[in-house]
Every structure is written in C-alpha cells, then in structure tokens.
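Below, each chain spelled out in residue letters.
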Amino acid sequence: MSNNAPTRNEAVRVFASELNEAKVTYQREEDLDQQNTPNYHLLPTGKGANRIVIMGALTTVTKVKDDPKTLRSRVVGPTGESFLYASTYNPDALSTLEDLKPDDGSNELNAENVQTVMVIGKPTIIEGNNEQYVAINPEKVIISDGETQDRWICKTIEDTLDRLDAYENENAPRQEYAEAKYNFNHYELRQKVGEMTNSFETNSSSNAQPTTGD
Amino acid sequence: MASTETKTALELANEFVEQVDYTASELEAEIKEKAKKFRIPEEEAARLIRNSNEVETEISGPENESETNQTSTNFSPTPIKEINQASEWHDIHVKVIYLWERSHDSMVQVGLLGGMEENIKFVTWEDENGNSPVQKLEKGESYLISNVVTDEYNGQYSVELRSQTTIEKTDEDPTHKEAEGIFVDYQSGSGLIKRCSEDGCTRVINNSRCVEHGEIENGEFDLRIKAIIDDGETPHNVIYQQEATEEVLGVTLEEAKQAAMDELDLTIVEDMIDDRLVGSFVNVKGPVYGDYLSVEKHTELEGVDDKEIEALQNRVNTGPESSGEVQNTESTEA
C-alpha cells in the first residue's frame, strides 16, 4: 500500500429520501492531484457523501448488461427505494447479489427469499430517459437482519437530525452550496424522521401503565 | 535496600533548611521525631517534611480554592507524561495498575497509576490524627482525581493524595480508547497470516517472502484482523490481535491452521470475518498504538435498547417544534 493513498472516507448514514435528491456532485480541490479523485454527492442537508451505508429489503435483482456483467437491484428502506448497480468492478457485491438472485430466472424476490441487506457503497448518477437518478455502486452487500436494521435506522435518524440542525443553524459544512443548488423540503424530512422515531416501541410505551410509586 | 551512605539527620536538615521556616536544629529534631514516630528511616522522614513544607508554605494549595463542587466541569486532567515538575497541583485521570505493600506505618496506600501513555507512582500518607485524608483506591479501577501534589525523587515523578484531593470513580479507562460503529471492512493482511521466523522479526510475509529477510521457509502462523469501524463521521482503524481474533471468531489459531490445511485455503478465516463481523454494529475498546486501536473488548450491538429510543424520541418531540416557533417571530419593525 502506498503512503499517499487517499484516506478512506466515512460511510454516511442517510435515508433514501435524502440520498435520492443528492444529484449534485463535486470534487474537492485538495484531492485533484490524486489519481482517482473521489466524487462527493452533495446532500440537501449540506454535507458531502463519497460513501454511504443504507439498509432495506432487497426485492429485485435484474441482469441489465452482459459485458461487463451488471446487476441492478432494488432495496426498499423505511423512506423509499434505492437502486444498486453492481458490476465486475464491485466483485464482492456482485457475487453476493448473484447468490441472492432467484434460481428460477425471475428477477423478483418473493416473501420466501426477500432479504434484509446492508449496502455500503458509493453514490453515483444514472442517466435515465430524460432524467438523472441517484443510484449506488455497492462495495459490499451484506445479508443482515431486522435488529441490525433497527439500529441503523436509529443511527441514521440521529445523524440526519444532526445534519438538519446544522443546516437550520446555517453551519452545515456545505451550507451555501446546498442552499444554492437545491429546493429541498427540510421540514418534511424532519417530519418523516420524527414519525419514524415515534413509531419505535419501547417497553414503557407498549405497556404504558402508570407506575405507582409504592 | 542497603544504603551505601547514611546521612545524619542534621546533614539531611542542612540540605533544605533554606527552603523552610525552621532553623537547622529545629529541623533536625523534627526529622528525628518523625522518623521515630513513623518508624521510618531519617532520610524518608526528611523527604516527608521537605515535601509538606515546600508544598504547603511555598505554593500554598491548589489554584482552584473552592473545596466543594469539585465536579467534572472544572476537572482538567493533566496527561501523566506532562508531569515533570515537583510541587505542582494537578488533576489526573488514571487507572490503578498496582497497589504495593506499604513501606511504613504512616503510609495509607502506595501504588502505580496508569494514564493514556505513561504511568506514575502515587502515595497517600496518614494525617496528624492517623487517618487517611482520602478514600482508598482500588486496584483495576479508574478515577478522576483532582488536586494531587507532584513530587520528584531521583528524576522520577510521583503524586501524593492529600486532604485537598477529591476522588471520583469512573468507568472510563484512561488507557483505552473506544470506537463504535459498523464493522464496514477489513484490510488485506487480515485472517490467517504468516510472520517471518527470523529472530526479532515479526513482519508479515507474502508468498514466503519477508521484505527484510527474503525467502522464509517456515513462517509462523498468526491470526489478526485489521478492521475499519465506521461511526458515520470517521472510519477508525482497529486491530484484533491473536487473542481478540480468536475470541470474536470463536476459533483458535490451531483450529484455523487445521481448517486451512484441510481445505488447502488460507482465506478460510477471511470468510469467517465476512460472515460474522462485516456489517455488524460493534463497540470496541482498547489501548491505541500508532494509528490503530488494539481491541481488548469487543461488544456486538444488537438492536436498539429502550434508552436509546427514548432519548431519540425526546429529541424529536421537544427539539424542533420550539425552535420552529422562535423562527416564526419575524421582524415586526415598521
């Protein structure tokens, strides 16, 4: 490993409803002398994300290209869907997704074989017919479970609230850039995150009996 | 300890008589009296007196005089490695590494305290009434200790716990760092590895070659994981050495070697890391060496507990609404 290898970027915890709007990309000036200058997706809350981690239910795996072999997969999380494009450039993720693709040749996973997955990867832009979509180049697709997803949801709520707070206090790391580029409803995201938080049940909320102090 | 030369009490007194308010003969008497009372060598008695006089008459107590309310707010620990002056007051965050046998009757406790990078000796003496001025420390526990006095002997620094000292137990081991997040990945050179077998060389060898010693026929197997624990802000480099790796993977080095030989596949441990660790939320604690936190305690975090949810619910149900209302009061100036 060379010494001037770029330092690894953190995996930003972000919900699909925010990530899917992060269509503006940029590169950092200090990275321009690197061979593979990292791309950042500007989140509407004013933070750059080079790597993200999302969780959800893997519902479809579709082969969209043969050379290089490319699989498109759909992951449905608590706020919406994300699309993964895994190719031979992402060998780890590609082999996991190939394993998860139904054997009968169909693309849809059914109630029997649907999986909760964690996806660590890099956001990317996919050109649609006349629109751009944010998708994910997965580095890792990990078969996970509901408990881990609950933790991811909580951590993502926390980090999203931190970013919203920073944005509303006008001290997000890329505040002005996000203000200039996006017409995003931050209040709606805060509402959604609040609803998700309150939908979690705790012992004290599920059997909410007043405690008598004797 | 066989002392090569024993100084008389007067000689000892003369060494520091200028620093104190006593005459040499008063001091000599004091040394003799303390030595007798506490059954300690006169040299030790002289040290005791010198220390207490220096500290109490010359630097007159800790800077923050407020004896009460010694809370964490004004607790500002000095790193142990920065203690290099005698007769200073400091706050320290330390772990009790050893408690030694008391070397004489008036000593309450003596032992070794560990900080982030260095250790320091501590001692507590009885007060005039024969009582301990502070609570006793327990081996293996960590403390936030305010207002200790430094001392120096033969170039070694130590701290003394006095009546002005306050002690608060803490769960935070000062010698450890913590990282909590997702085990997102691990680096090459993880799993079952081979190390160079040359004396004093522990380099990892690739294809039977050590960068220092060339071809190595019989490298020594080892287990380790160089992992990245990502908390969403920072990807932390952590290393699981053999013991920690064996524990988190539930496999011993011998078993891993055997399995790898059976399968003719050295990557068998990497598969275990993929299956058991990658993608899980973990909390790790341990000492830091260079860029790596060396894992001594690994906790897998499954699900969320009620406390975390309630804290989050408090935050969303109190935070934004009130600040939203404040924002609505726009300027009403005409």
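Above this text is the structure in question.
Here we summarise the structure given alongside this text. (Residues numbered from 1 in each chain as written. Chains lettered and ligands numbered in written order. Predicted model: local features only at pLDDT ≥ 70, side-chain atom pairs only at ≥ 80, totals over all residues. Heavy atoms only, no water.)

1. A short note on the interface of chain B and chain A
1) Next: Between chain B and chain A, the residue contacts involve 34 residues of the former and 37 residues of the latter.
2) Next: Contact between chain B and chain A buries roughly 2900 Å² in total, counting both sides, with carbon and sulfur atoms accounting for 56%.
3) Next: Considering only the side of chain B, the residues that lose the most area to chain A are Phe-281, Leu-312 and Arg-315 of chain B, jointly responsible for 20% of the buried surface there.
4) Next: A salt bridge links Arg-315 of chain B to Asp-162 of chain A, with the shortest nitrogen-to-oxygen separation between them at 2.8 Å.
5) Next: Where chain B touches chain A, the interface holds 11 residue pairs in polar contact (both at pLDDT 80 or more).
6) Next: For the side of chain B that touches chain A, the element with the highest residue contribution is helix H7 (residues 306-328) of chain B, accounting for 12 residues.
7) Next: Among the residues making up the side of chain B that touches chain A, the classes are represented as 12 nonpolar, 10 polar and 12 charged. (Contact = heavy atoms within 4.5 Å. Buried area = accessible area lost by both parts, 1.4 Å probe. Salt bridge = Lys/Arg side-chain N within 4 Å of Asp/Glu carboxyl O. Polar contact = N/O pair within 3.5 Å; in protein donor to acceptor, adjacent residues only side chain to side chain. Helix = DSSP H or I, 4+ residues; strand = E, 2+ residues; numbered from the N terminus. Nonpolar A, V, L, I, M, F, W, Y, C, P; charged D, E, K, R; others polar.)

2. A few points about helix H3 (residues 146-168) of chain A
Residue and element names in this part refer to chain A.
1) Next: Relative to the 33 Å expected for 23 residues at 1.5 Å per residue, H3 spans 32 Å between its end C-alpha atoms, a close match to the ideal helical length.
2) Next: In this structure Asp-145 caps H3, since a side-chain oxygen of it lies 3.1 Å from the backbone nitrogen of Glu-147.
3) Next: Positive backbone phi, approximately 55 degrees, marks Glu-170, located one or two places after H3. (Expected span 1.5 Å × (residues − 1).)

3. A word on the nonpolar core
1) Next: Of all hydrophobic cores here, the largest spans 87 residues; its most connected members are Ile-157 of chain A together with Phe-183, Ile-225, Tyr-240, Leu-249 and Val-284 of chain B.
2) Next: No other element matches H3 of chain A, which puts eight residues into this core.
3) Next: Ignoring any residue separated from it by four or fewer positions in sequence, one finds Ile-157 of chain A in contact with Phe-15, Val-193, Met-196, Thr-197 and Phe-200 of chain A together with Leu-312 of chain B.
4) Next: Among the nonpolar cores identified, the runner-up in size contains 18 residues, and Phe-16, Val-20, Leu-48 and Met-107 of chain B belong to it. (Core = buried A, V, L, I, M, F, W, Y, C linked by side-chain atoms within 4.5 Å. Buried < 20%, exposed > 50% of the residue type's maximum accessible area, 1.4 Å probe, protein only.)

4. Brief notes about the pattern of salt bridges
1) Next: One pass over the full model with this rule turns up 28 salt bridges over all chains.
2) Next: Asp-92 of chain A is the partner of Lys-140 of chain A in a salt bridge, and the nearest nitrogen-oxygen pair spans 3.0 Å. In this pair, Lys-140 of chain A is assigned in strand E9 (residues 132-143) and Asp-92 of chain A in helix H2 (residues 91-100), connecting sequence segments 48 residues apart.
3) Next: Looking at Asp-92 of chain A, the relative accessible area reads 43%, which means it is partly exposed.
4) Next: The shortest N-O distance in the salt bridge between Arg-315 of chain B and Asp-165 of chain A comes to 2.9 Å. Taken together, the residues span two chains, with Arg-315 of chain B in helix H7 and Asp-165 of chain A in helix H3.
5) Next: Residue classification places Asp-165 of chain A among the partly exposed positions, given a relative accessible area of 28%.
6) Next: What you see here is one network of salt bridges that share partners, running through Asp-162, Asp-165, Glu-168 and Arg-190 of chain A together with Arg-315 of chain B.

5. What about a negative patch on the surface?
1) Next: Residues Asp-145, Glu-147 and Asp-150 of chain A together with Glu-300 and Glu-302 of chain B make up a contiguous surface patch of negative charge.
2) Next: Here Asp-145 of chain A is to be found in the loop between E9 and H3. (Patch = residues over 30% accessible without salt bridge, like charges linked within 9 Å, V, L, I, M, F, W, Y side chains within 5 Å. Areas by Shrake-Rupley, 256 points an atom, 1.4 Å probe, with all protein chains shown as cover. Lys, Arg positive; Asp, Glu negative; His and termini not counted. Charge placed at Lys NZ, Arg CZ, Asp CG, Glu CD.)

6. Re the sheet that holds strand E2 (residues 25-26) of chain A
Residues and elements named next belong to chain A.
1) Next: With respect to topology, three strands assemble into an open sheet ordered E2-E3-E4, the strand pairing being antiparallel. Sheet topology places E2 and strand E4 (48-49) at the edges, where each strand pairs with a single neighbour.
2) Next: Relative to E4, strand E3 (residues 40-42) runs antiparallel, the two being bridged by two bridges. Across the sheet, the residue bridging to Leu-42 is Gly-48, located in E4. (Pairing = 2+ DSSP bridges.)

7. Some thoughts on the sheet that holds strand E1 (residues 89-99) of chain B
Residues and elements named next belong to chain B.
1) Next: Around the barrel, five strands lie side by side as E1-E2-E3-E5-E4; this closed barrel has mixed pairing. Averaged over all pairs of adjacent strands, the angle between their axes in this sheet comes to 55 degrees, without regard to strand direction.
2) Next: Pairing between strand E2 (residues 107-114) and strand E3 (residues 119-125): seven bridges, direction antiparallel. Across the sheet, Gly-111 pairs through a bridge with Phe-122, a residue of E3. (Axes fitted to C-alpha atoms, helices over the stretch in contact; angles between N-to-C directions.)

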